[in-house]
Amino acid sequence: MAEPNMNLRKGAKVWVEDKNLAWVAAEVTDLRGKQVQVQAVSGKTVLALPEKLFPRDADEEEEHGGVDDMTKLTYLNEPGVLYNLQRRYALNDIYTYTGSILIAVNPFTKLPHLYNVHMMEQYKGAPFGELSPHVFAVADVSYRAMMNEGRSQSILVSGESGAGKTETTKLIMQYLTFVGGRAAGDDRTVEQQVLESNPLLEAFGNARTVRNDNSSRFGKFVEIQFDANGRISGAAVRTYLLERSRVVQITDPERNYHCFYQLCASGKDAEKYKLGHPSHFHYLNQSKTYELEGVSNAEEYMKTRRAMDIVGISHEDQEAIFRTLAAILHLGNIEFSPGREHDSSVIKDQKSTFHMQMAADLFRCDANLLSTTLCTRTIQTREGSIVKALDCNAAVASRDVLAKTVYSRLFDWLVAKINMSVGQDLNSRVQIGVLDIYGFECFKHNSFEQFCINFANEKLQQHFNEHVFKMEQDEYRKEKINWSYIEFIDNQDVLDLIEKKPIGIIALLDEACMFPKSTHRTLSTKLFQNLRGHLRLEKAKFSETDFTVSHYAGKASGRIVS
Ligand SMILES: Nc1ncnc2c1ncn2[C@@H]1O[C@H](COP(=O)(O)OP(=O)(O)OP(=O)(O)O)[C@@H](O)[C@H]1O
């Protein structure tokens, strides 16, 4: 989006950077050697370097309330794009096009007039771009492309946490249900079932985060299958990258997965499993946030139960699901103290023994076996298996791994149940896929989970580059249209750094996992030896194991730990 040939004469309209407001509108008042004097609309005069200024569309050229397609801006630069979105947002115009891409700004308030049946009727079959930008227009264009070309389509919903991806995905499904739904009078339809399974997925896959009270902690690809007449004939939900670490570790004011709090507030069921207030459980009390504003955990529990009934999960299976959740909570309360032998551990005290017995009963396994499993590790060798004692830290780690594994298997099992109940149409030739996946994430400390999320986003970015930029430009070339090529950053080098065999980060990690003697130090040495000088990888100055990957969207630092 750089603007190389900016004409900086007196009176030119520009954007100048501002500490507080990001960008402010200004006008050039003087040229002083290498610097330019500009006067901001507030009246303030600033000196700036020319390369720091961006040209600005003249106010009188701009339509009132901004333009509905960014490509209509004379100057397509960051301040211009942000200003346009801001002006539209002020009028509750939350949608704006950039060519065939839709930008949605989260309104954080209900706008029911935007999503009613009347609106859906309006967008049905309307040429793209004729009506105001809308998520229904995108869904409609993909439905029509599928029908006209007989080819499957996909819609990618991307953005940072809390941007509105899940809401947008639901709206797309609502629209596809409207155009491809079955005639009234049919039994409960596939699309209804997909929508009705949402509360279930949300109870087990969503949690409160700093940014979003109901943040999806997994990626989701919803495939909606259609028959030859364009009617929905089946559907499937595929999930990715469930955030497993949340089951055992949370920080204030975040929460664990909603289902745990729901179960604790369930009254009789909670009593049956000897649960109480969430503050009694280590996996929940690491954060003091137990309630969500405007949400009753007990009512949500009933909703989750109802969603299970709708999806067709038997009462026996429902009981097994909540029993497993309770077992995980009891498991988390097991503490260890050093055993008699060096580097060994035992269950700490009576309280821990109670929770271990509870966990074992609820998992329906033998308590001694559970305790041995937590406090020892069995290593297979050629000579047979060796049992090695674990110290307290290692026993805690093994307890947490068990909790995470059981939870993620439970989640996968639920997804499989939902898919079975909704029913896939194996004969369908066309489908529309909607991908709702985490955006790029960067925290102070980034775990392996974040690394995978950023890798997935890097892959998506490459797909986007190939399809949007390369294909458009090939088209222009074919038609001999004189076109100044858009510059985009090819991210193949980041992908190579991560996935190339045999010396990408993942390949080296794989290799390290196979050698019993590997440690986090041997892995870091290998990584930095093999990838030294890679422009996308930086080693931290004062650490042997910290590294930073320069992604297309920014830098993310990680640490190799054992
Ligand atoms: N189109 C919309 N209309 C009204 N409210 C919206 C809309 N989109 C989002 N919101 C509000 O913003 C909140 C966050 O949106 P959503 O959960 O869809 O974000 P997300 O991008 O999926 O976040 P995460 O990645 O954390 O799951 C919603 O709970 C809802 O209150």
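Student: Requested: an account of the environment of Y97, with residues and values cited.
Tutor: Checked against the element boundaries, Y97 lands in strand 6 (residues 95-98). Remark: the alpha-carbon pair of Y97 and S132, spanning 35 residues in sequence, is separated by 9.1 Å. Apart from residues no more than four positions distant in its own chain, Y97 is found in contact with D68, D69, M70, L102, F128, G129, L131, S132, P133, H134 and A137.

Student: Any details on the packing of aromatic side chains? Residues and values, ideally.
Tutor: Under the criterion given, the structure shown has 13 aromatic pairs. Pairing Y97 with F128 gives two aromatic rings, centres 4.6 Å apart and planes at 45 degrees, and the pair type is tilted. With a gap of 31 residues between them, Y97 in strand 6 and F128 in the loop between helix 2 (117-123) and helix 3 (135-149) connect regions that are remote in the sequence. Judged by its relative accessible area of 3%, Y97 falls in the buried class. A relative accessible area of 31% places F128 in the partly exposed class. Aromatic pair F448 and F451: ring centres 5.9 Å apart, planes at 25 degrees, arrangement stacked.

Student: Please set out the packing of helix 6 (residues 198-205) against helix 14 (residues 392-422) residue by residue, giving values where relevant.
Tutor: Contact pair helix 6 / helix 14: the axes reach a minimum separation of 11 Å and the direction vectors enclose 175 degrees. Judged by the inter-axis angle, helix 6 sits roughly antiparallel to helix 14. Counted together, L200, L201, F204 and G205 of helix 6 and Y407, L410, F411, L414, V415 and I418 of helix 14 form the full contact between these two elements. The residue inventory of the contact of helix 6 with helix 14, partitioned by class, reads nine nonpolar, one polar and no charged.

Student: Just give me the short version of the pairing of strand 8 (residues 153-157), but keep the residues and values in it.
Tutor: The side-chain alternation of strand 8 yields one buried face, formed by Q153, I155 and V157, and one unburied face, formed by S154 and L156. Of the pairings in the sheet, the one linking strand 8 to strand 17 (residues 430-436) comprises five bridges and is parallel in character. Within strand 17, the position partnered with V157 by the bridge is D436.

Student: Talk me through the side chain of E202; I want residue IDs and the actual numbers.
Tutor: In this fold, E202 is placed in helix 6. Take E202: its relative accessible area is 16%, and that puts it in the buried class. A distance of 3.1 Å separates a polar atom in the side chain of E202 from a polar atom in the side chain of N214. Leave out the neighbours within four places in its chain, and E202 touches T166, K170, N214 and H258.

Student: Describe the site of the ligand, and please don't skip the residues or the numbers.
Tutor: The ligand sits among 17 residues. The nearest are S161, K165, T166, S215 and S216. S161 is positioned such that a nitrogen or oxygen atom in its side chain is 2.6 Å from an oxygen atom of the ligand. Protein chains bury 86% of the 630 Å² of accessible surface belonging to the ligand in isolation. A per-element tally of the shell around the ligand places helix 4 (residues 165-180) first, with three residues. Among the residues forming the shell around the ligand, the class breakdown is four nonpolar, 10 polar and three charged.

Student: Residues and numbers for the pattern of salt bridges, please.
Tutor: Side chains that differ in charge, positive against negative, can pair when their charged atoms come close. Under the definition given, this model contains 24 salt bridges. With its nearest N and O atoms 3.4 Å apart, the salt bridge here joins D317 to K417. Placement of the pair is D317 in helix 11 (residues 315-332) and K417 in helix 14, with a sequence separation of 100 residues. For D317, a relative accessible area of 22% gives the class partly exposed. Assessed through its relative accessible area of 18%, K417 is described here as buried. With a closest N to O distance of 3.0 Å, K459 and E499 form a salt bridge. One end of the pair, K459, is in helix 15 (residues 448-478); the other, E499, is in helix 16 (residues 492-499), and 40 residues separate them in sequence.

Student: How would you explain unusual backbone geometry if you had to name every residue and give the values?
Tutor: In this chain, D252 is followed by P253 through a cis amide linkage whose omega measures 0 degrees. A cis amide bond, omega 5 degrees, links K501 with the succeeding residue P502. Within the element layout of this structure, P502 appears in the loop between helix 16 and helix 17 (505-514). For A22, which is not a glycine, the phi torsion comes out positive at approximately 75 degrees. Note on placement: A22 falls in strand 2 (residues 22-32).

Student: With reference to specific residues and values, describe the sheet that holds strand 1 (residues 13-18).
Tutor: Strand order in the open sheet made by the five strands is 4-3-2-1-5, with antiparallel pairing throughout. Two strands bound the open sheet, and with one partner strand each, they are strand 4 (45-48) and strand 5 (54-55). Here strand 3 (residues 35-40) runs beside strand 4; their pairing, made up of four bridges, is antiparallel. Within the sheet, the bridge partner assigned to V36 lies in strand 4 and is A48.

Student: How would you explain the sheet that holds strand 20 (residues 554-559) if you had to name every residue and give the values?
Tutor: Strand pairs in the sheet, formed through backbone hydrogen bonds, run parallel or antiparallel to each other. Ordered by their spatial adjacency, three strands build an open sheet running 18-19-20, and the pairing between neighbours is antiparallel. On the outer flanks of this sheet lie strand 18 (537-539) and strand 20, each paired with one strand and no other. Averaged over all adjacent pairs, the angle separating strand axes in this sheet is 25 degrees, with direction ignored. Note: strand 18 against strand 19 (residues 546-551), three bridges, orientation antiparallel. The residue bridging K539 from the neighbouring strand is F547, located in strand 19.

Student: Please provide a residue-by-residue account of the confidence of the model for the chain, values included.
Tutor: Confidence in the prediction for the chain averages 89 pLDDT; 94% of positions are at 70 or higher. For the stretch residues 1-5, pLDDT sits under 50, and the model shows 10 contacts to residues farther than four places along the chain or on other chains.

Student: Can you break down helix 12 (residues 350-363) residue by residue, with the values?
Tutor: The terminal C-alpha atoms of helix 12, which comprises 14 residues, lie 20 Å apart, in line with the 20 Å expected from a rise of 1.5 Å per residue. Among all positions of helix 12, only S352, H355, M356, M358, A359, A360 and L362 are buried. The secondary structure elements touched by the buried residues of helix 12 are helix 11, strand 14 (345-347) and helix 13 (367-375).

Student: Describe the packing of helix 12 against helix 13, listing the residues and the values that go with them.
Tutor: The N-to-C vectors of helix 12 and helix 13 enclose an angle of 110 degrees; their axes lie 9 Å apart at closest approach. In terms of their interaxial angle, helix 12 and helix 13 are classed as roughly perpendicular. Here the hand of the crossing between helix 12 and helix 13 comes out right-handed. Where helix 12 approaches helix 13, its residues M356, Q357, A359 and A360 are matched on the opposing element by A367, L370 and S371. Among the residues making up the contact of helix 12 with helix 13, the classes are represented as five nonpolar, two polar and no charged.

Scoring rules and cut-offs
- Residues numbered from 1 in each chain as written.
- Predicted model: local features only at pLDDT ≥ 70, side-chain atom pairs only at ≥ 80, totals over all residues.
- Heavy atoms only, no water.
- Helix = DSSP H or I, 4+ residues; strand = E, 2+ residues; numbered from the N terminus.
- Contact = heavy atoms within 4.5 Å.
- Phe/Tyr/Trp six-rings, centres within 6.5 Å; stacked < 30°, edge-to-face > 60°.
- Buried < 20%, exposed > 50% of the residue type's maximum accessible area, 1.4 Å probe, protein only.
- Axes fitted to C-alpha atoms, helices over the stretch in contact; angles between N-to-C directions.
- Parallel < 35°, antiparallel > 145°, perpendicular 65-115°, else oblique.
- Nonpolar A, V, L, I, M, F, W, Y, C, P; charged D, E, K, R; others polar.
- Pairing = 2+ DSSP bridges.
- Polar contact = N/O pair within 3.5 Å; in protein donor to acceptor, adjacent residues only side chain to side chain.
- Near = heavy atom within 4 Å.
- Areas by Shrake-Rupley, 256 points an atom, 1.4 Å probe, with all protein chains shown as cover.
- Salt bridge = Lys/Arg side-chain N within 4 Å of Asp/Glu carboxyl O.
- pLDDT = per-residue confidence, 0-100.
- Expected span 1.5 Å × (residues − 1).
- Left-handed = near helix turned anticlockwise from the far one by under 90°.

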